[in-house]
Structures are given as C-alpha cells and as structure tokens.
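# Reading the structure
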Amino acid sequence: MKSIIFSLAFIFIAFVGTSNTFAPTKKATIVIKTESIQCGMCKERIEEALLQEKGVKYVTVDVDKKETTVTFNPKKIDADAIKKAISAVGYDADDIAAETTAYEKLPTCCQKGGH
Ligand SMILES: [Cu+2]
C-alpha cells in the first residue's frame, strides 16, 4: 500500500514539475521589416489588419524605421502567419513579398515610391 501512495505522490510531483518547467510562454515579440510602408495610412492599415488576427496583442508600426513590432501569443499564432497577414494587406514583410492584388488596391501614395 505504501508503495502505491509513494508512486502516486511521485507521479503527481513529476506531473506538476513538468507542467511548470514546460509552462508555455504566453507572450513573444518580433520585429518585422516592412520596407514598403510609406505613411501613416500604411501604419493604420497594418495595425488594424494584425489586431484582427487571433493571438496578436499589440502592434506598433514605425513609419520612419519601416518596422512592425508585434507582441503575440505563440500558442495561437506564429511569426509566419503574422508576416502573411501583412503581405495580405499589400506590404512586404521580411522575406515575404506583398500579395500583388492587395498591393495594387493600395492608394498610389501607399505604393512604393508614393511619397
Ligand atoms: Cu500609406
């Protein structure tokens, strides 16, 4: 009987132990090069689009640096999905090029060389 209690206790401790050790990080932050953004409208467009993605918590687009900083829950979304969401509204995101149809729908001032 004692050994059963000991092994149950051991299993319990092992379980609690591992779940703590492998507790998933709920937040991650990435900086994505969004070289093709031109102005404040681009900023709003990307921020709005990304905030609609599940798991995205904060988005900041820096127009001068041409960078998009995203804080997200890695259990719900990953960096690739975020970059694809940027591409889907017409902007280059790191090595993922903007979707042509989305890019062509952008106002001229938001296209490359528009400013
Ligand atoms: Cu723009």
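This section reports on the structure supplied with the text. (Residues numbered from 1 in each chain as written. Predicted model: local features only at pLDDT ≥ 70, side-chain atom pairs only at ≥ 80, totals over all residues. Heavy atoms only, no water.)

### Overview of the overall build of the protein
Scanning the protein from terminus to terminus reveals 4 helices and 3 strands. Reading the protein from its N end, one meets helices and strands in the order α-β-α-β-β-α-α. Across the 115 residues that make up the protein, the buried fraction comes to 32%. Contacts spanning at least 24 positions in sequence make up 54% of the contacts within the protein whose residues lie at least 6 apart. Total accessible area on the protein is roughly 7,600 Å²; 59% of this is exposed by carbon and sulfur atoms. (Helix = DSSP H or I, 4+ residues; strand = E, 2+ residues; numbered from the N terminus. Buried < 20%, exposed > 50% of the residue type's maximum accessible area, 1.4 Å probe, protein only. Contact = heavy atoms within 4.5 Å. Areas by Shrake-Rupley, 256 points an atom, 1.4 Å probe, with all protein chains shown as cover.)

### Some remarks on a positive patch on the surface
A cluster of like positive charges, contributed by Lys26, Lys27, Lys54, Lys57, Lys75 and Lys76, occupies part of the molecular surface. Checked against the element boundaries, Lys26 lands in the loop between helix H1 (2-21) and strand E1 (28-33). When its relative accessible area of 62% is taken as the criterion, Lys26 is described as exposed. (Patch = residues over 30% accessible without salt bridge, like charges linked within 9 Å, V, L, I, M, F, W, Y side chains within 5 Å. Salt bridge = Lys/Arg side-chain N within 4 Å of Asp/Glu carboxyl O. Lys, Arg positive; Asp, Glu negative; His and termini not counted. Charge placed at Lys NZ, Arg CZ, Asp CG, Glu CD.)

### Side note on the coordination of the copper ion
At this site the copper ion is bound by Cys39 (SG), Cys42 (SG) and Cys110 (SG), with donor distances of 2.1 to 2.2 Å. Spacing between the donor residues of the copper ion along their common chain follows C-x2-C-x67-C. On the criterion of sequence distance, the pair formed by Cys39 in the loop between E1 and helix H2 (40-51) and Cys110 in the segment after helix H4 (100-105) is long-range, its members being 71 residues apart. (Donors = N, O, S within 2.8 Å, 3.2 Å for Na, K, Ca; no water.)

### Points about the pairing of strand E2 (residues 56-62)
Looking at chain direction, E2 and strand E3 (residues 67-72) are connected through 6 bridges and run antiparallel. Bridge pairing in E3 places Thr60 opposite Thr69. (Pairing = 2+ DSSP bridges.)

### Structural notes on the pattern of salt bridges
Taken as a whole and assessed by the stated rule, the structure comprises 4 salt bridges. Glu67 is the partner of Lys33 in a salt bridge, and the nearest nitrogen-oxygen pair spans 3.8 Å. Of this pair, Lys33 sits in strand E1 while Glu67 is found in strand E3, placing the two residues 34 residues apart along the sequence. The class of Glu67 is partly exposed, set by a relative accessible area of 22%.

### Observations regarding the nonpolar core
Nonpolar side chains in soluble globular proteins tend to end up buried together. By size, the foremost hydrophobic cluster in this structure holds 22 residues, and its most contacted members are Leu50, Val70, Ile82 and Tyr91. Taken together, the elements giving at least two residues each to this core come down to E1, H2, E2, E3 and helix H3 (79-88). When residues no more than four places from it in sequence are discounted, the contact partners of Ile82 are Ile30, Ile32, Leu50, Val56, Val70, Phe72 and Ile77. (Core = buried A, V, L, I, M, F, W, Y, C linked by side-chain atoms within 4.5 Å.)

### Re the sheet that holds E2
The strand order across the open sheet built from 3 strands is E1-E3-E2, with neighbouring strands paired in antiparallel fashion. Since the sheet does not close on itself, it has two edges, and those belong to E1 and E2, each with one partner. Across this sheet, the average inter-strand angle for adjacent strands is 15 degrees, counted without regard to direction. Relative to the sheet, H2 contacts E2 and E3, its axis offset from that of E2 by approximately 170 degrees. Strands in contact with H3 are E1, E2 and E3; relative to E1, the strand with the most contacts, it is inclined by about 40 degrees. (Axes fitted to C-alpha atoms, helices over the stretch in contact; angles between N-to-C directions.)

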